[in-house]
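Chain and residue survey
Chain by chain, the residues run as shown.
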Amino acid sequence: MDSKKLGLWHSAIVGSAGFIFFVGLWEVVVRLGFIDPFFLPAPSQVMERALAMTTGKDAVLLNDIRMSGTRVLTGFLLSAVVGVPLGLIMGTSRLVRAFLNPIVSIIRPLPALSWIPLSMLWLGIDEQQKYAIVFMGCFASVLVYTIDATLKVDPLLILAARNLGAKRLHTLRFIVLPGALPNILSGLKVVLAIAWTCVISAEMVGANSGLGFRIWTAKEWSDTGQVLVGMLCISLTVLVLDIIYRVIEKVLLPWKRMS
Amino acid sequence: MSDILIRADNVSKVFHSHKEDVEAIHDFSLTVKKGEIVCIVGASGCGKSTFLNMVAGFIQPSSGRILLEGQEITKVEPRCGMIFQNYALFPWMTVIENITFGPRLKGVQKKVRHEQAKQWIKRVGLKGFDYSYPGELSGGMQQRVALTRALANEPDVLLCDEPFGALDAMTRQAMQQELLRLMYKSNQTILFITHSIDEALILSDRVVIMSARPGRVKAVFENDLPRPRKLELQLTDRYLELKRKVWSLVEEEVVSALGIRKG
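Residues numbered from 1 in each chain as written. Chains lettered and ligands numbered in written order. Predicted model: local features only at pLDDT ≥ 70, side-chain atom pairs only at ≥ 80, totals over all residues.

Looking at the sheet that holds strand E6 (residues 80–83) of chain B
All names here are of chain B. To keep things clear, this is the line we draw: Only strands joined by at least two bridges in the DSSP assignment are considered to pair. By the criteria applied, helices consist of DSSP H or I runs no shorter than four residues and strands consist of E runs no shorter than two, each listed in order from the N terminus. An axis is simply a line fitted to the C-alpha atoms; with a helix, the fit covers only the stretch in contact. Between two such axes, the angle follows the N-to-C directions and lies from 0 to 180 degrees.
What the six strands build is an open sheet, ordered E6-E7-E8-E3-E9-E10; its pairing is mixed. Across the chains shown, the open sheet's two edge strands, defined by having one partner strand only, are E6 and strand E10 (217–222). Neighbour to neighbour, the strand axes of the sheet diverge by 15° on average, direction disregarded. Judged from the four bridges that link them, E6 and strand E7 (residues 157–161) form a sheet pairing that is parallel. Within E7, the position partnered with glycine 81 by the bridge is leucine 158.

Re the environment of Thr74(B)
Residues and elements named next belong to chain B. Put simply, the rule is: In this description, any two residues whose backbone-derived C-beta atoms lie within 7 Å of each other are considered to be in contact.
Mapped onto the fold, threonine 74 is located in the loop between strand E5 (71–72) and E6. Along the primary structure threonine 74 and valine 95 are separated by 21 residues, whereas in three dimensions their C-alpha atoms are 31 Å apart. Contacts of threonine 74, omitting those with residues within four sequence positions, involve Gly57 and Gln60.

Some details on the confidence of the model for chain B
Residues and elements named next belong to chain B. Stated precisely, the cut-off is as follows: A score between 0 and 100, pLDDT records how confident the predictor is in each residue.
With 98% of its residues at a pLDDT of 70 or more, chain B has an overall mean of 89. Within chain B, no element has a lower average pLDDT than helix H8 (residues 237–258), which sits at 84, and none a higher one than helix H2 (residues 95–99), at 95. Two summary scores accompany this predicted model of the complex, namely pTM at 0.84 and ipTM at 0.88.

So, the sheet that holds strand E2 (residues 21–33) of chain B
Residue and element names in this part refer to chain B. Overall, antiparallel pairing links the four strands, which are arranged E2-E1-E4-E5 in an open sheet. Among the strands making up the open sheet, the edge pair consists of E2 and E5. Here two bridges tie strand E4 (residues 63–68) to E5, and the two strands are oriented antiparallel to one another. Residue leucine 67 lies in a different strand from E5, and its bridge partner there is glutamate 72.

Things to note about the pairing of strand E3 (residues 37–41) of chain B
Residues and elements named next belong to chain B. How we decide: Each residue is classed by its C-beta neighbour count within 10 Å, where at least 20 other C-beta atoms makes it buried, 12 or fewer makes it exposed, and intermediate counts make it partly exposed; the C-beta atoms are placed from backbone geometry.
Judged by how many residues are buried, E3 sits mostly within the fold: five of five residues are covered. Side chains Ile37, Cys39 and Val41 project from E3 onto one buried face, and the interleaved Val38 and Ile40 project onto a second face that is buried too. As paired elements, E3 and strand E8 (residues 189–194) share five bridges and run parallel to each other. Counted as the bridge partner of valine 41 is threonine 194 from E8. Of the pairings in the sheet, the one linking E3 to strand E9 (residues 206–210) comprises four bridges and is parallel in character. Looking at E9, one finds that cysteine 39 is bridged to valine 207.

Below is the structure:
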């Protein structure tokens with residue numbers, strides 16, 4: 001326990017040292033004139049730009065993060081709410097699986113970007129269109145991950161449950177769902193990353209807020225600092241979501257905690 | 001009605017694969033009386049697990065039929081509680097949730113079923129582990145939970161598919177004693193499958209010896225060793241005599257299953 005804690009501190013210190021080293025190197029290289037700040041501004045300049053974007057009259061950054069975050073989470077949660085139950089049913093019923101498989105196989109390879117023209121035609125460039133893009137980009141993956149997770153549940157446990165008197169719905173609720181949950185959650189984590197790709201693409205094509213929009217307009221004005229601020233914000237938001245996700249996993253999978 | 005609980009009439013089972021048809025069991029008949037402990041002994045691959053799976057209703061016979069109190073078993077039968085070799089505990093449920101799973105499905109009130117479960121937990125020496133997950137327990141403890149889970153569901157017959165096979169030799173003997181202690185004078189019917197002659201002699205009222213595949217009844221005999229049976233029993237003359245008798249019957253089958261010619 002103690003040596004494990006020590007190891008954690010150790011890697012945290014080494015990690016920070018590595019971070020400081022690379023950021024410092026970047027700063028120095030730009031300051032000494034080896035790199036033109038137009039192509040790559042120094043970290044201090046990026047921070048300055050970030051500060052300008054979060055305070056004062058041009059404070060758009062927090063709103064962008066909020067907009068993109070909302071779009072990602074809404075589309076992602078919608079796809080999970082529809083995809084996970086449907087995936088469980090498809091995973092447990094061979095009939096339903098056979099019936100829906102062709103449609104899923106056709107939808108699944110379509111990149112989210114390819115839905116942009118249709119979604120704009122149908123929904124304009126409202127928020128709904130962003131949600132739809134994220135949803136279409138995530139849904140098939142959620143479905144496939146859930147079906148896979150369901151099929152991986154130990155059939156012996158299903159037999160054991162039926163032997164104890166479980167009917168079909170009992171088995172689904174008490175055995176298949178909890179048994180598949182660890183794999184569903186790790187699948188959803190991958191899907192969450194997909195959702196970010198979808199939203200940034202959608203915002204670059206047609207939006208007037210959000211991190212994707214901010215990066216794209218910065219490029220039009222050759223504001224490299226703002227491009228970097230936007231990219232950094234994506235990283236940070238994903239990192240924060242990752243931490244939250246891990247907490248949720250721990251709460252939902254208490255039996256996995258001891259291993 | 002009669003005191004016969006399980007009756008298998010001329011049961012055969014053929015498994016079809018794309019290569020060939022394999023007959024696991026051929027013309028197998030057996031009756032188990034209420035309150036009786038019957039051990040089926042056979043070499044590996046003789047179809048004894050297949051038979052047990054048919055009694056549980058997991059699979060159906062190709063021909064013949066199996067009756068539980070006169071009714072044919074055609075689907076998974078909760079009155080035949082199964083204990084699996086790999087425990088088959090639900091990893092996401094605590095010990096007490098595993099044990100109360102059957103009663104919970106039956107609609108027994110939470111307070112009642114928890115009280116009953118606590119009694120069981122105490123009896124099998126798992127006190128203090130009520131809220132542990134199976135993954136935190138040793139193999140022997142997990143099998144005690146599995147045993148308790150099956151018994152808490154009050155089955156008419158307890159089906160045991162080599163339940164102690166995955167345990168080390170010492171834990172295994174301790175578990176046999178545990179089972180005898182729990183079942184002593186309980187009148188619980190048990191159908192127990194094993195490849196261990198010692199296990200069969202320690203536990204059973206009657207021993208059924210199966211032939212190599214396809215499995216048939218090779219011999220049946222009453223086990224009249226006195227109860228309660230302690231480990232010292234294994235040193236008595238009568239025990240050794242019975243063991244010799246069983247081994248002479250089983251040996252042929254093991255040899256034939258291995259495809260060795262006797263020299």
